[in-house]
Amino acid sequence: ARAHILENEGKLAESDASYRKAQIHQREILANMSTRAAFREYSVAQAYRFQETLDADYVGSLILQGRLYEAELLARGMIPRNLQRTGRYSVWTAAAVRTLAEVLLGQSRFREAQALGQIAYDTIIGAGSAPYSQSALRSGQLIANSLIGREEWSEAAKQIAALQEASRIDPYVQRVTRGSSE
């Protein structure tokens, strides 16, 4: 329960653009999650997923603060943990790879960001997710942004067209555009 309270306070502080306060809350959450007392409410798998989500949020907070070196170190640490826990062909490993790619994109390391974004996308699709899933679309968007950064306009346009097509297939998008709640 304490971890959930701290998470909500952290997100509120981040939304108010007080990143330092959000960072303090996220560190408290991570410290709380590392104790056995915090795990008693959750299964081990749930606790690990919660920690990975917090780490990804923390990386995002560091990116917004312009602290890209620290964000890269944290993102790089997420990958081996996920490889060990969930294996190479897991959406959690793909999310960790995409998180690192987002940091590299922020550092203008477009070629590396594109390569990691492609790995994340291929892993997500290989794990059985649909091309219109949020994870796949985020990875595809990262690839497109990397191509734009590299000034490969025609490839970026193809990637954006593929993203638009994939999002048109999404049943949720279809319901929203029709105005139906079916």
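Residues numbered from 1 in each chain as written. Predicted model: local features only at pLDDT ≥ 70, side-chain atom pairs only at ≥ 80, totals over all residues. Heavy atoms only, no water.

## Thoughts on the side chain of Thr-123
One can find Thr-123 in helix 7 (residues 110-126). When its relative accessible area of 3% is taken as the criterion, Thr-123 is described as buried. Apart from residues lying up to four places away in sequence, Thr-123 is in contact with Arg-88, Tyr-89, Ser-90 and Ala-94. (Helix = DSSP H or I, 4+ residues; strand = E, 2+ residues; numbered from the N terminus. Buried < 20%, exposed > 50% of the residue type's maximum accessible area, 1.4 Å probe, protein only. Contact = heavy atoms within 4.5 Å.)

## Quick notes on unusual backbone geometry
With phi around 65°, Ser-108 is a residue other than glycine that occupies positive phi space. Located in the positive-phi region is Glu-151, a residue other than glycine, with phi close to 60°. As for its placement among the helices and strands, Glu-151 is situated in the loop between helix 8 (134-149) and helix 9 (153-169). For Glu-151, a relative accessible area of 57% corresponds to the exposed category.

## Quick word on the confidence of the model for the chain
With 72% of its residues at a pLDDT of 70 or more, the chain shows a mean pLDDT of 82. The least confident element of the chain is helix 3 (residues 36-39), whose mean pLDDT is 51; the most confident is helix 7, at 97. (pLDDT = per-residue confidence, 0-100.)

## A look at the nonpolar core
Ranked by internal contacts, the top residues of the largest apolar core, which has 20 residues, are Val-59, Leu-100 and Leu-116. Sorting the residues of this core by element identifies helix 4 (44-64), helix 5 (68-86), helix 6 (91-106), helix 7 and helix 8 as the ones contributing at least two each. A total of seven residues in this core trace back to one element, the largest contributor, which is helix 6. (Core = buried A, V, L, I, M, F, W, Y, C linked by side-chain atoms within 4.5 Å.)

## Points about the environment of Arg-111
Summarising the element assignment, Arg-111 is placed in helix 7. On the basis of relative accessible area, Arg-111 is assigned to the exposed category, the value being 58%. For the pair Arg-111 and Gly-149, spaced 38 residues apart in sequence, the C-alpha separation works out to 8.9 Å.

## Brief notes about the packing of helix 6 against helix 7
Packing of helix 6 against helix 7 leaves a shortest axis separation of 8 Å and a crossing angle of 160°. In terms of axis orientation, helix 6 runs roughly antiparallel to helix 7. Considering only the axes of helix 6 and helix 7, their crossing is left-handed. The segment helix 6 lies against helix 7, with Ala-94, Val-97, Arg-98, Leu-100, Ala-101, Leu-104 and Leu-105 engaging Phe-110, Glu-112, Ala-113, Leu-116, Gly-117, Ile-119, Ala-120, Thr-123 and Ile-124. Class assignment of the residues belonging to the contact of helix 6 with helix 7 gives a composition of 12 nonpolar, two polar and two charged. (Axes fitted to C-alpha atoms, helices over the stretch in contact; angles between N-to-C directions. Parallel < 35°, antiparallel > 145°, perpendicular 65-115°, else oblique. Left-handed = near helix turned anticlockwise from the far one by under 90°. Nonpolar A, V, L, I, M, F, W, Y, C, P; charged D, E, K, R; others polar.)

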